[in-house]
Every structure is written in C-alpha cells, then in structure tokens.
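In case you want the letters, here they are:
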Amino acid sequence: MTSSLKTTGPNLSNKNWPASLLNFSAQFWFIIGVLGMWIFAFYVAAFYGGAAMDGDFMRWNRVLPHGYIEGDSMGNLAVAIHLIFAVIVMVGGPIQFIPQLRKYAPKFHRWNGRFYLGAAVLISMSGIYMVVTKGTITGLVGDISVSLNGVLILLFAYLALKNAVKRKFDEHRKWALRLFLVMAGVWFFRVGLMCWLFIHKSPVGFDPETFRGPFLVFLGFGQYLIPLAVVELYFIAQRKKKSVIKILTAVAIFAFTVITALGTFAATMGMWLPRIT
C-alpha cells in the first residue's frame, strides 16, 4: 500500500510521527505481502510448470478442477496463459512501486508498466473465459465474484494507463496500486482461507466437501473488496491532518499485516509446500 520500500521505523520524537507510523505500516504490509506473493508464484511455477514439463497435465486437476480437459485446446490455452502471466506479474509487478526504479531507470519502469498492464488484460480475459467455460469450485457465487474481479482488473488497468498518458502521476500511482491489489485476488483468497482455518482449526462457515457456505461467499468478494477498502482508508488518512485518523489507520493496516502473515504461513506450510515436495 505504498510506493516506497523504505523500512526504517517511525521517529516518535518527531511531531509528524503519526504520518511516519502510517507510512511505515503500509511499507511493512507491502514487504510481507510481496514475500507472500513471491512464495505463491514459486509454488504455481513449480507445481503447474513441473506438471507441464513432465507432460502430466492431468496433475493440474488435483488443485484446479477442470484445469486441464483433454481435447479442449482453447480452454487449456486460457488456463496456461492465466498461470504463466500470473507468475510473471506477481514477481515483476511489485518492483513498479520502488521509487528508486522510477527515478534511476524510468525507461524500464515505463516498459515494465506497459507489460504489466498488458498482462493484466490477458489474465482478466482468460480468467473470465475460464469462469464461463469451466466455472469455479464455489459455484454461482464464485463465478460472479471472480468475474467481477476480472472486470475491476480491466477497469483499473484502463484508469492507470489513462492517468499515465495524461501525466497525472499521483492518480496513476493510486490506480496502479488498486490494480496491483485486485490482480492479487486469487492470492488473497487463499491467504484469507488459510488464516481462517489456522485460527479456527477446522472449517467454520463452509462445507469442505461441497466448498459452499457463508464464509466463502464473504471471502469470494472480500478477496479484493477488503484490500481495496484498506487502501482507500490509507489514501484518506494521508490527506487528513488529524493524527488520530492516521494512527487508527496504521493500527488497521498492522492488523491486516498480521492476517496476511498468518495466512501466508498457513498456506505455505499446509497447502503450497506439501504439493511441491
């Protein structure tokens, strides 16, 4: 939730320490979140890529229902495109928010950004195609939530590009950050689910056999609406002069960071690592 990777803590002797605390909380989440995304990207590359290199595409179906259907060339291509570009953008996307890169390598920043936007469109379109042709494991509600995620990706990509072309760089960065968060919806879903299971020690609010239930309805939309709500709160707190707003927002972001860290740990140890070892 920040365009900087500066990690020094807030200086509490400074009169502006609430603003420093707010920025530090966002930077801290960003680092934890990116590490989690890179772990997930490694898992996707190792599991799906490993199966493809072995010629065992049916292995995809152990994790992704109907991920590979023999004879369905278009559907299988859509899945492959979705997976390949998902790995690329999860690895390369975060570096767009490093200010030193924008300052010292502006040409790379621009070309990497163009690639990121193009990848966002491909991921969104292939994801929507997969929903239409294959459906989601969570049924109709999942179909709707994932499709809405895809629409938001397209919309935010357009707005990020539009503001960059008009050289409204502050607005461009905000829309790019929103795009970054909705692009990570699939990752947020898994992290949120595993954090929930880690806390409750059992499936609460859904049936693990049918993968249906109120919690999954909440998480299906929350996987991108909650991160968007947090980042909007961050933008508002940046504009406000009242210290209490900045402090409360920083606390909320720290709580979001704890959830992210717990979910990443639980997903890595309980889901991703066992599948590639």
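The notes below deal with the structure included here.

Rules of the game
Residues numbered from 1 in each chain as written. Predicted model: local features only at pLDDT ≥ 70, side-chain atom pairs only at ≥ 80, totals over all residues. Heavy atoms only, no water. Phe/Tyr/Trp six-rings, centres within 6.5 Å; stacked < 30°, edge-to-face > 60°. Helix = DSSP H or I, 4+ residues; strand = E, 2+ residues; numbered from the N terminus. Buried < 20%, exposed > 50% of the residue type's maximum accessible area, 1.4 Å probe, protein only. Lys NZ or Arg CZ within 6 Å of the ring centre and 35° of its normal. Contact = heavy atoms within 4.5 Å. Axes fitted to C-alpha atoms, helices over the stretch in contact; angles between N-to-C directions. Parallel < 35°, antiparallel > 145°, perpendicular 65-115°, else oblique. Left-handed = near helix turned anticlockwise from the far one by under 90°. Nonpolar A, V, L, I, M, F, W, Y, C, P; charged D, E, K, R; others polar. Core = buried A, V, L, I, M, F, W, Y, C linked by side-chain atoms within 4.5 Å.

Under the definition given, this model contains 27 aromatic pairs. With 6.3 Å between their ring centres and 55° between their planes, F28 and F254 make a pair best called tilted. Separated by 226 residues along the polypeptide, F28 in helix α1 (residues 17-53) and F254 in helix α9 (residues 243-276) bring together distant segments of the chain. Overall, F28 belongs to the partly exposed group, its relative accessible area being 35%. Exposure remark for F254: the relative accessible area of 23% places this residue in the partly exposed category. Through a chain of ring-to-ring contacts, three or more aromatic side chains come together here, namely F40, Y43, F47, Y48, F57, W60, Y68 and W272. A cation over an aromatic ring shows up here: R178 above the ring of W175, its NZ or CZ 4.2 Å from the ring centre. Over the ring of F198 we find K201, and its NZ or CZ is 4.4 Å from the ring centre.

This brings us to the side chain of H109. Structurally, H109 can be placed in helix α4 (residues 106-134). Exposure remark for H109: the relative accessible area of 15% places this residue in the buried category. Dropping the residues within four chain positions of it, H109 is found in contact with Q96, L101 and R102.

A word on the environment of I226. Position of I226 among the secondary structure elements: in helix α8 (residues 214-239). Residues I226 and F198 lie 28 residues apart in sequence; the distance between their C-alpha atoms is 19 Å. Apart from the residues lying within four places of it in its own chain, the contact partners of I226 are F218 and F256.

Contact pair helix α5 (residues 139-165) / helix α6 (residues 169-183): the axes reach a minimum separation of 8 Å and the direction vectors enclose 160°. In terms of axis orientation, α5 runs roughly antiparallel to α6. The interaxial crossing formed by α5 with α6 has left-handed handedness. For the pair α5 and α6, the contacting residues are N149, L152, I153, F156, A157, L159, A160, N163 and A164 in the first and F169, E171, H172, W175, A176, R178, L179, V182 and M183 in the second. Here the residues of the contact of α5 with α6 are counted per class, giving 13 nonpolar, three polar and two charged.

Quick look at the environment of V44 now. If you trace the backbone, V44 turns up in helix α1. Taking C-alpha positions, V44 is 8.7 Å from A86, a pair spaced 42 residues apart along the chain.

So, on to unusual backbone geometry. Where the residue is not glycine, phi is negative for most of them; where a peptide bond is considered, it is trans in most cases. Its identity is not glycine, yet K201 carries a phi of approximately 65°, on the positive side. Residue position: K201 is located in the loop between α7 (185-200) and α8. Among the residues examined, K201 registers a relative accessible area of 63% and is labelled exposed. In the Ramachandran plot, F211 falls in the positive-phi region, its phi being about 55° despite a non-glycine side chain. By the secondary structure assignment, F211 is in the loop between α7 and α8. Judged by its relative accessible area of 15%, F211 is buried.

Looking now at the nonpolar core. Formed by 61 residues in total, the largest nonpolar core has its most connected members in W29, L179, F180, V182, M183, W187 and W272. Within the residue set of this core, elements represented by two or more residues are α1, α2 (73-92), α4, α5, α6, α7, α8 and α9. Looking at which element gives the most residues to this core, the answer is α1, with 13 residues. Setting aside chain neighbours within four positions, we find V182 in contact with N149, L152, I153, F156, Y224 and L228.

Limitation: the analysis is restricted to geometry and does not speak to function.
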